[in-house]
Amino acid sequence: MLTAHRAWVYGDHVNTDVIFPGKYTYTLKTPEEIASKALEDLDPAFAAQVQAGDVIVAGRNWGCGSSREQAVTALKYAGISIMIAASFNGLYYRNCINQGVWPVVCSGLAEYVRTGDKIEIDRENGVMLVRNKSFKIPSLPDSVRTILAAGGLVPMLQKRFQGA
Amino acid sequence: MTGNTFVEKVLARAAGLDSVRAGDVIDVRPDIIFSHDNTAAIRRIFEATGAARIIRPERVVFTLDHAVPAPTTRHAQNHAEIREWANLQGVANFFEVGRGICHQVISEEALVLPGETIFGSDSHSTHFGWLGAFGMGVGRTEMAALWATGELWIQVPEAVRLTVTGTLRGGVTAKDLALHVIGRWGADGAAYRSLEFAGDTIGTMSLDERAVIPNMMAEFGAMNAYLPPDDAIFAYLEDKRRRNYTPLFPDSDAVYSEAWGIQAEDVHPVVALPHNPDQVVSLPEAAGVPIQQAFLGTCTNGRYSDLEAAARVVAGHHVKIRFIVIPASSQVLQRAIESGVLATLIEAGATIGTPGCGPCMGNHMGIPAPDEATISSGNRNFRGRMGTPDAPVYLANPYVVAASALTGCITDPGEFLSC
């Protein structure tokens, strides 16, 4: 199945301080509050204009810096469920999976697309299409796919502790 | 069959397996896990899972360090929730406001030992490689899962070996070595990999200095960083440890994805320019940049030897700009009082804050005004890091931070050390 997404495109080494500023980490609690600060210091237009289904397309080392999970949840609460980057910071990559946000490693896409472009994603066949050019989606280990399919680590634990 | 890297050995041990290889996805059971001011947020995730009790609370550590003493009512409520949670769950390893920064306190208390595995909900958990342990930062959800189940999935990383040989020159510190590495190979040089140090340089460094290196490797993208423990480490732990341990060393025929080398004599004092720790230039290139605030502290460079280094520079002089000194722990503070280092700093015009993280991530106790530049002994200079996106942050070693406090611009400490 092909799904269509609008891209928000960013560069290399975007760190978690600009994705979600540290000064808010111990005070903002609700999803709405957290989402409203997403990318505040990098792209003030993002929080105002993002729509559910949009995707992040970034360069190398997306999400470097602090372990703060709000750098993933702020984007998730804003409607992002797929992030595509040439490479991810390791901690950020793990935070994505544990939040049920799909991290796609793909080099070259950030140079090819611009913010606002449409990306079509074929999850089953592992391909993305942009303006008739296709980009391969690498496969993930089974255990990681299980976490993503469950919607993240919390739903998996809920199943275990609540039989939900 | 080739040998194993440190990370393959330590994760096999933590998973209860005979051996693992890079790429394997395994469930590991860490020896110690810790969180800090983010504990209350983790509690809410934990409660959402339906779990009732933290399993094995004796292996859990909470420290209050990121915003201490509480700067606002909301921060104070956050701390109060954490205290209540520690009581409810029987977490005895609870360290109050003022005891110090998690990484420093856990090291001082010898709560993790060589060959062990420690996870913290803090990205600088790579720190514990200084003891020959596997230290990795995790997210809040992962910490909640660790409280609930005691285990966490990991994809065993590939490893990079970095051999450092020779002796650092006078005035060149572990901070310069770490920034040199990050500047040379980039902020993602060790991304999702285990960075395993080798060579004879580490053994020549003081224990305070050694801790700087794996701490800073968080800015290098490393999943963990490892220094091979030696007799100095074993002696440090001997009076403090509460259990036995078996250190781990990589095999001589371990397979590394890359092997890099550095000659210690090639490392010089450096400065990381705004807004990334890999924007590294030599000190002379940065010298003269006007600075409005100097900050000495953090888990990277807030230990006793860092305060002592600063005292050597400022002794007999007076600062030109505000100079904020925040010891990494109460033990560091006490030692600096007893030795006279603190008096020297205060006489020179420094102001001293409660042990903790201070203004490092923009919470309080030294937030710059927009357009004010700070020189910091910390680890990060991202845009907005210290609270406002317009205030640039420069990273340097403690000697350079102290010398810059005396002059109001980035300064080579040499002229102050010679007299």
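For the structure, see preceding data.
Before going into details, it helps to say that this report is about the structure given with it.

Analysis parameters
- Residues numbered from 1 in each chain as written.
- Chains lettered and ligands numbered in written order.
- Predicted model: local features only at pLDDT ≥ 70, side-chain atom pairs only at ≥ 80, totals over all residues.
- Heavy atoms only, no water.
- Axes fitted to C-alpha atoms, helices over the stretch in contact; angles between N-to-C directions.
- Helix = DSSP H or I, 4+ residues; strand = E, 2+ residues; numbered from the N terminus.
- Parallel < 35°, antiparallel > 145°, perpendicular 65-115°, else oblique.
- Contact = heavy atoms within 4.5 Å.
- Nonpolar A, V, L, I, M, F, W, Y, C, P; charged D, E, K, R; others polar.
- Buried area = accessible area lost by both parts, 1.4 Å probe.
- Salt bridge = Lys/Arg side-chain N within 4 Å of Asp/Glu carboxyl O.
- 1 Å grid on protein atoms, 1.4 Å probe; cavity = no way out; pocket = protein on both sides within 12 Å on 5 of 7 lines; lining within 4 Å.
- Points joined across faces, edges and corners; volume = space filled by probe spheres on them.
- Pairing = 2+ DSSP bridges.
- Right-handed = clockwise from strand over helix to strand, strands pointing away.
- Phe/Tyr/Trp six-rings, centres within 6.5 Å; stacked < 30°, edge-to-face > 60°.
- Buried < 20%, exposed > 50% of the residue type's maximum accessible area, 1.4 Å probe, protein only.
- Lys NZ or Arg CZ within 6 Å of the ring centre and 35° of its normal.

This part is about the packing of helix α7 (residues 142-150) of chain A against helix α8 (residues 153-162) of chain A. Residues and elements named next belong to chain A. Interhelical geometry of α7 versus α8 gives an angle of 85 degrees and a closest axis separation of 7 Å. Here α8 runs roughly perpendicular to α7, going by the angle between their axes. Contacts between α7 and α8 involve T146, I147 and A150 from the first element and L153, P155 and M156 from the second. Per-class residue counts for the contact of α7 with α8 are five nonpolar, one polar and no charged.

Our focus in this paragraph is the interface of chain B and chain A. Where the parts come together, the accessible area they lose is often given as the size of the interface. Across the contact, 48 residues belong to chain B and 41 residues belong to chain A. Summed over both sides, the interface between chain B and chain A buries roughly 3700 Å², with carbon and sulfur atoms accounting for 54% of that surface. Our count for the contact surface shared by chain B and chain A stands at four salt bridges. Linking R385 of chain B and D17 of chain A is a salt bridge whose minimum nitrogen-to-oxygen distance equals 3.3 Å.

A volume near 450 Å³ is recorded for the largest pocket. Around the largest pocket, the lining comprises 29 residues; the ones closest to its centre are I34 and Y77 of chain A together with A41, I45 and R140 of chain B. For the lining of the largest pocket, the secondary structure elements donating two or more residues are α2 (31-36), α4 (70-77) and α8 of chain A together with α2 (39-49) and α5 (140-149) of chain B. Its residues assigned to classes, the lining of the largest pocket comprises eleven nonpolar, twelve polar and six charged.

Attention shifts here to the sheet that holds strand β2 (residues 32-35) of chain B. Residues and elements named next belong to chain B. Read across the open sheet, the five strands follow the order β4-β3-β2-β5-β6; overall the sheet is parallel. Where the open sheet ends on each side, the last strands, each with one partner, are β4 (93-95) and β6 (134-137). The average angle at which neighbouring strand axes cross in this sheet is 15 degrees, direction not considered. Both β2 and strand β5 (residues 117-120) contribute to a ladder of three bridges, which runs parallel. Bridging across to β5, I32 finds its partner in I118.

What follows concerns the pairing of strand β8 (residues 158-165) of chain B. Residues and elements named next belong to chain B. Pairing analysis gives six bridges linking β8 to strand β9 (residues 193-198), with the strands arranged parallel. Bridge pairing in β9 places T163 opposite A198. Handedness of the crossover joining β8 and β9 through helix α6 (residues 174-185): right-handed. Alignment of β8 against strand β11 (residues 258-263), held across six bridges, turns out to be parallel. Residue pairing across strands places T165 opposite Q263, the latter belonging to β11.

When we look at a pair of aromatic rings, we describe it by the centre distance and by the angle of the planes. Per the stated rule, a full pass over the model turns up 17 aromatic pairs over all chains. Considering the side-chain rings of W62 of chain A and Y92 of chain A, the 6.2 Å spacing of their centres and the 80 degrees angle between planes classify their relative orientation as edge-to-face. Taken together, the positions of W62 of chain A in the loop between β2 (55-58) and α4 and Y92 of chain A in helix α5 (residues 90-98) put the pair 30 residues apart, joining distant regions of the chain. Neither W62 of chain A nor Y92 of chain A differs from the other in exposure class; each is buried. Relative to W147 of chain B, the ring of F62 of chain B has its centre 5.7 Å away and its plane inclined at 55 degrees; by these criteria the two rings are tilted. On the criterion of sequence distance, the pair formed by F62 of chain B in strand β3 (residues 60-63) and W147 of chain B in helix α5 is long-range, its members being 85 residues apart. Classification of F62 of chain B by relative accessible area gives buried; the value is 0%. By relative accessible area, W147 of chain B is classed as buried at 0%. Pairwise contacts between aromatic rings join F46, F62, W85 and W147 of chain B into one cluster. Sitting over the ring of W153 of chain B, R94 of chain A keeps its end group 4.2 Å from the ring centre. Here R131 of chain A stacks its cationic end above the ring of Y112 of chain A, 4.5 Å away from the centre of that ring.

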